[in-house]
Amino acid sequence: MQSVEEFLAYAVRLEQEAAERFGELADAMQSAGNGEVGKLFRRLSDYSRLHLGDAKARAGYRDIPDLAPMDYQWPDFESPEKAALWAADPMICKGEALEIALAAEQAGRDFYKTVLDTTDDPEIKALAAEFVAEEGEHVAELQKWIVAHKAGRKTPA
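Residues numbered from 1 in each chain as written. Predicted model: local features only at pLDDT ≥ 70, side-chain atom pairs only at ≥ 80, totals over all residues. Heavy atoms only, no water.

### Details of the overall build of the protein
Then, in step 1: Secondary structure summary: the protein contains four helices and zero strands in total.
Then, in step 2: Listing every helix and strand of the protein by position from the N terminus yields α-α-α-α.
Then, in step 3: Pairs at least 24 residues apart make up 77% of the contacts formed inside the protein by residues separated by at least 6 positions.
Then, in step 4: Summed over all atoms, the accessible surface of the protein reaches about 8100 Å², with 53% contributed by carbon and sulfur. (Helix = DSSP H or I, 4+ residues; strand = E, 2+ residues; numbered from the N terminus. Contact = heavy atoms within 4.5 Å. Areas by Shrake-Rupley, 256 points an atom, 1.4 Å probe, with all protein chains shown as cover.)

### Remarks on the packing of helix α2 (residues 35-59) against helix α4 (residues 122-151)
Then, in step 1: Taken N-terminus to C-terminus, the directions of α2 and α4 make an angle of 175°; their axes are 12 Å apart at the nearest point. Judged by the angle between their axes, α2 and α4 are roughly antiparallel. Touching Glu36, Leu40, Arg43, Leu44, Tyr47, His51, Asp54, Ala55 and Arg58 of α2 are Leu127, Glu130, Phe131, Glu134, Glu135, His138, Glu141, Leu142 and Trp145, all from α4.
Then, in step 2: Counted by class, the contact of α2 with α4 contains eight nonpolar, two polar and eight charged residues. (Axes fitted to C-alpha atoms, helices over the stretch in contact; angles between N-to-C directions. Parallel < 35°, antiparallel > 145°, perpendicular 65-115°, else oblique. Nonpolar A, V, L, I, M, F, W, Y, C, P; charged D, E, K, R; others polar.)

### Observations regarding the packing of aromatic side chains
Aromatic rings considered in pairs are described by the distance between their centres and by the relative angle of their planes.
Then, in step 1: Applying the stated criterion across every chain yields a total of six aromatic pairs.
Then, in step 2: With centroids separated by 5.9 Å and ring planes inclined at 55°, the aromatic side chains of Phe7 and Tyr112 adopt a geometry described as tilted. Of this pair, Phe7 sits in helix α1 (residues 4-31) while Tyr112 sits in helix α3 (residues 94-118), placing them 105 residues apart in sequence. Side by side, Phe7 and Tyr112 carry an identical accessibility label, which is buried.
Then, in step 3: Between the aromatic rings of Phe7 and Phe131, the centroid separation amounts to 5.7 Å while the plane-to-plane angle is 80°, which identifies the pairing as edge-to-face. Taken as a pair, Phe7 in helix α1 and Phe131 in helix α4 lie far apart in primary sequence, 124 residues in all. Both residues of the pair, Phe7 and Phe131, count as buried.
Then, in step 4: Every member of this aromatic cluster is reached through a ring pair, and the members are Phe7, Tyr10, Phe111, Tyr112 and Phe131. (Phe/Tyr/Trp six-rings, centres within 6.5 Å; stacked < 30°, edge-to-face > 60°. Buried < 20%, exposed > 50% of the residue type's maximum accessible area, 1.4 Å probe, protein only.)

### Some words on the environment of Gly53
Then, in step 1: Its location among the elements puts Gly53 in helix α2.
Then, in step 2: Relative accessible area serves as the criterion here: at 38%, Gly53 is assigned to the partly exposed category.
Then, in step 3: Each C-alpha atom, one on Gly53 and one on Glu15, is 8.9 Å from the other, the two residues being 38 residues apart in sequence.

Now the structure itself:
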């Protein structure tokens, strides 16, 4: 990352795409009758919308670059936290859905961690550290859900 503005452009795109994808997955799970996982995906969508709002608020007075989708250089071909589309398969089991959500949140955290580890800019470092911590909370929550699911216990609220 070359500037705080570039970092925020990436953060806005990442969180926007995560919110949209988790929202789509929530709708798919609700339609398939898997309300519990649908609620989890909706919560993850809501978290991403909060992060999106935070990134936009931090952009505030800054001139954020308007990057075209092809201008983003993600570790893979799409933004890291955009959960796998096959999670919307109505035949997917809860365990698989949880693993897909976990992989998306880990990818988002890892993206921000890479920025944190590779930038020399103290302002980008501070922002990236905050985003790493927030994504880490989501990873931890999903890990609790997975442990509970595998143990046959009720998933955390």
